[in-house]
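# Structure at a glance
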Number of protein chains: 2
Amino acid sequence: MFSKRCEYGLRALTVIGEAGKEDRKVGIKEICNLAKTPESFTAKILQDLVRRNIIDSLKGPNGGFYFSKNLDDISIYDVVLAIDGEEIFTKCGLGLSECNAKKPCPFHNQFETVRSELFKVCSNNSLNELLEGFYKQVYNR
Amino acid sequence: MFSKRCEYGLRALTVIGEAGKEDRKVGIKEICNLAKTPESFTAKILQDLVRRNIIDSLKGPNGGFYFSKNLDDISIYDVVLAIDGEEIFTKCGLGLSECNAKKPCPFHNQFETVRSELFKVCSNNSLNELLEGFYKQVYNR
DNA sequence: CAAATATAGGACTAAAAAGTCTTTTATGCA
DNA sequence: TGCATAAAAGACTTTTTAGTCCTATATTTG
Ligand code: SF4
Ligand code: SF4
C-alpha cells in the first residue's frame, strides 16, 4: 500500500513526536534504534521531510530532528502525500489512465469508495493520534 | 495499489473473456494489441495464470488462451490473489509486522475497514462483470 | 577560534520489479 | 512425416526502489 520510505518515515516521526513532548530533539541514531529502521536510509527520508516542512532539524551538539508545528495539525495524509505523492489516493485500481470519471466503468465508483475510505483514515488521524496509539503500542512506553 | 503484472493481467483477461463469448481462443499478439500491454511481459503473466488455473492455453495453429471455467466463477480477487498474493488484503498499512490484531493500535480497525472494502470490491465482482463494464467501456465494443 | 557533534548532500551499491529476446516444445494440418 | 504456428521456458536487460557510505556544512561549547 505505502512505500518503505513512507512506513519508515511515519515510524520515525512517532519517535520524534514522542521526544518532542519533553521538548527534546532526537538524533538519527536514537530514532532508528527505536523505530527499527535502517539508519542512512531513514536519514534521507527525514532530510526530505525537513525540505517539505513536516519537521525541522538543527545541526551540531544538542541538535536533531524536531517538530515546530503542533502534532494535531499534521495528518497521516500530509505525511503520505509528502513522501509517496497523491497516487494512492487518486489512481484507478485497474491502472487505466485512458478512461475518466465522466464515463466511468462500474468499478469506478466502487474503487472510489475504497480510495475515499483510505483518505478518510489518513486525513482524520493526526500524528498525535498516531503517537497515542501506534507508538505506545509498539514501544510499550 | 496493484502491481503492473496485475493490471496487465486483468486487462488481458478481459480480452480473452470477450473472445471466449464467441468461442474463440486468442493469441498473445491480439491480446496485447487490444489490452495495450507489453507483449513478452504479458506472455509471462499469462503463462503464470495458466499454471495457476485461471485460464487455459493451447499451443499450435488455432491455439491461444481461453477460459474453461465460467467467467462468473472467477472474481477479481481470485486474479489479484494469483498474481500479487494476499498482502494487499491483509498487510498493516503502517508496515509493522510486530504488532497483531489482539492488541491493535487505534488504526488497526480503521485500516481493516479499508482493506475489507477493497476485498469486497474485488470479491463481489466477477470477470464477467469486469467484461461488461470495463472492457466495453475501454474498447468501445 | 578550535574541536566536537550532528544533519545535509552526493555518489555510490543491492535488490526487486518491469520488461525483452532467443530457444524449446506442443499442436494442427497438408 | 514435415512444416507452420503458437505457447512455454529460460536467460537476459532496464528501471525503480531500497539502502549504504563518505564528505561537506552548520552549530554548540570550551
Ligand atoms: S472507469 Fe474503471 S477503469 Fe476507468 S478509471 Fe474508473 S475504475 Fe478505472
Ligand atoms: S495494530 Fe496498528 S501498527 Fe499494528 S498491525 Fe494493526 S494497524 Fe498496523
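Here's a quick rundown of the structure. The structure presented is a predicted model; accordingly, all values stated were derived computationally and were not measured.

Calculation rules
The residue count restarts for each chain, going from 1 along the sequence in the order it is written. Lettering of chains starts at A and numbering of ligands starts at 1, both following the order in which they are written. Only residues with pLDDT of at least 70 are given local features in this predicted model, and only at 80 or more are side-chain atom pairs given and counted; all residues enter the totals for whole chains, interfaces and linings. The basis for every side-chain value is the complete set of heavy atoms in the structure, and neither hydrogens nor water enter the calculation. Segments assigned H or I by DSSP are reported as helices when at least four residues long, segments assigned E as strands when at least two residues long, and all are numbered from the N terminus. Between two residues, a contact is recorded if the distance between any of their heavy atoms is within 4.5 Å. Between N-to-C directions, angles cover 0 to 180 degrees, with each direction set by a line fitted to C-alpha atoms, over the stretch in contact for helices. Definitions for this section: a left-handed crossing has its near helix turned counterclockwise from the far helix by less than a right angle. A right-handed crossing has that turn clockwise. Under this grouping Gly is polar, as are all residues other than the nonpolar Ala, Val, Leu, Ile, Met, Phe, Trp, Tyr, Cys and Pro and the charged Asp, Glu, Lys and Arg. Each Phe, Tyr or Trp ring (for Trp, its six-membered ring) is paired with any other whose centre lies within 6.5 Å, and the angle between the two planes then decides the class: stacked below 30 degrees, edge-to-face above 60, tilted in between. Put simply, a charge is over a ring when the Lys NZ or the Arg CZ is close to the ring centre, within 6 Å, and near the line of the ring normal, within 35 degrees. Three labels apply to residues, based on accessible area from a 1.4 Å probe with only protein chains included: buried if under 20% of the type maximum, exposed if over 50%, partly exposed otherwise in between. Nearness is defined per residue: one heavy atom within 4 Å of the molecule or strand is enough. Polar contacts here mean pairs of N or O atoms no more than 3.5 Å apart (in protein, one a potential hydrogen donor and the other a potential acceptor; neighbouring residues in sequence count only if both atoms are side-chain atoms). These descriptions rest on fixed angle ranges, namely under 35 degrees for roughly parallel, over 145 for roughly antiparallel, 65 to 115 for roughly perpendicular, and the rest for oblique.

### Things to note about the environment of Y66 of chain B
Residues and elements named next belong to chain B.
- In this structure, Y66 sits in strand β2 (residues 64–66).
- Linking Y66 and Y135, residues 69 residues apart in sequence, is a C-alpha distance of 16 Å.
- If sequence neighbours within four positions are ignored, Y66 has contacts with I16, K25, I55, D56, S57 and L58.

### Overview of the packing of helix α1 (residues 4–20) of chain B against helix α2 (residues 28–35) of chain B
Residue and element names in this part refer to chain B.
- Axis separation between α1 and α2 bottoms out at 9 Å; the angle between their running directions is 115 degrees. Here α1 runs over α2; the crossing is right-handed. Of α2, the residues touching α1 (which contributes R11, A12, V15 and I16) are I31, L34 and A35.
- For the contact of α1 with α2, the class distribution of residues is 6 nonpolar, no polar and 1 charged.

### Observations regarding the packing of aromatic side chains
Residue and element names in this part refer to chain A.
- With the rule as written, the count across this model stands at 10 aromatic pairs over all chains.
- In this structure an aromatic cluster arises from ring pairing among Y77, F89 and F119.
- It is K25 that lies over the ring of Y66; its NZ or CZ is 5.4 Å from the centre.

### Topic: unusual backbone geometry
Residue and element names in this part refer to chain A.
- Even without a glycine there, the phi angle at D23 is positive, about 55 degrees.
- Locating D23 in the fold gives a position in the loop between α1 (4–20) and α2 (28–35).
- D23 gets classed as exposed once you look at its relative accessible area, which sits at 75%.
- Of note in the backbone geometry, K36 takes a positive phi value of approximately 55 degrees without being a glycine.
- Residue placement: K36 occurs in the loop between α2 and α3 (39–51).
- Here K36 falls in the exposed class, since its relative accessible area comes to 53%.

### Quick word on the protein's contact with DNA strand D
- Taken together, 25 residues surround DNA strand D, and among them Y8 and P61 of chain A together with G27, K44 and S57 of chain B come closest.
- In DNA strand D, atoms within 4 Å of the protein come from the sugar-phosphate backbone in 61% of cases.
- Between K59 of chain A and DNA strand D, the recorded distance is 3.2 Å, taken from a side-chain N or O atom to a base oxygen.
- At 3.2 Å, a backbone N or O of G60 of chain B approaches a sugar or linking oxygen of DNA strand D.
- Of all the elements in the fold, those that place two or more residues in the surface near DNA strand D are α1 and α3 of chain A together with α3 (39–51), β1 (56–58) and β2 of chain B.
- Broken down by element, the residue count for the surface near DNA strand D peaks at 4 residues, all from α3 of chain B.
- Looking at the surface near DNA strand D residue by residue, the classes come out as 11 nonpolar, 8 polar and 6 charged.

### Quick notes on the environment of R52 of chain A
- Turning to its location among the elements, R52 of chain A is positioned in the loop between α3 and β1 (56–58).
- Each C-alpha atom of the pair R52 of chain A and V79 of chain A lies 9.4 Å from the other, and the pair is 27 residues apart in sequence.

### Description of the protein's contact with DNA strand C
- Taken together, 25 residues lie around DNA strand C, and G27, K44 and S57 of chain A together with Y8 and P61 of chain B are the ones closest in.
- A breakdown of the atoms of DNA strand C within 4 Å of the protein gives sugar and phosphate a share of 63%.
- R51 of chain A places a polar side-chain atom, nitrogen or oxygen, 3.2 Å from a phosphate oxygen of DNA strand C.
- Elements supplying a minimum of two residues to the surface near DNA strand C: α3, β1 and β2 (64–66) of chain A together with α1 and α3 of chain B.
- Per-element accounting of the surface near DNA strand C gives the leading share, 4 residues, to α3 of chain A.
- Classifying every residue of the surface near DNA strand C gives 11 nonpolar, 8 polar and 6 charged.

### Examining the packing of α2 of chain B against α3 of chain B
Residues and elements named next belong to chain B.
- Here α2 crosses α3 at 110 degrees, and the two axes come no closer than 10 Å. With respect to α3, the axis of α2 lies roughly perpendicular. For the pair α2 and α3, the sense of crossing is right-handed. Contacts between α2 and α3 involve I28, K29, I31 and C32 on the former and, on the latter, E39, T42, A43 and L46.
- Class assignment of the residues belonging to the contact of α2 with α3 gives a composition of 5 nonpolar, 1 polar and 2 charged.

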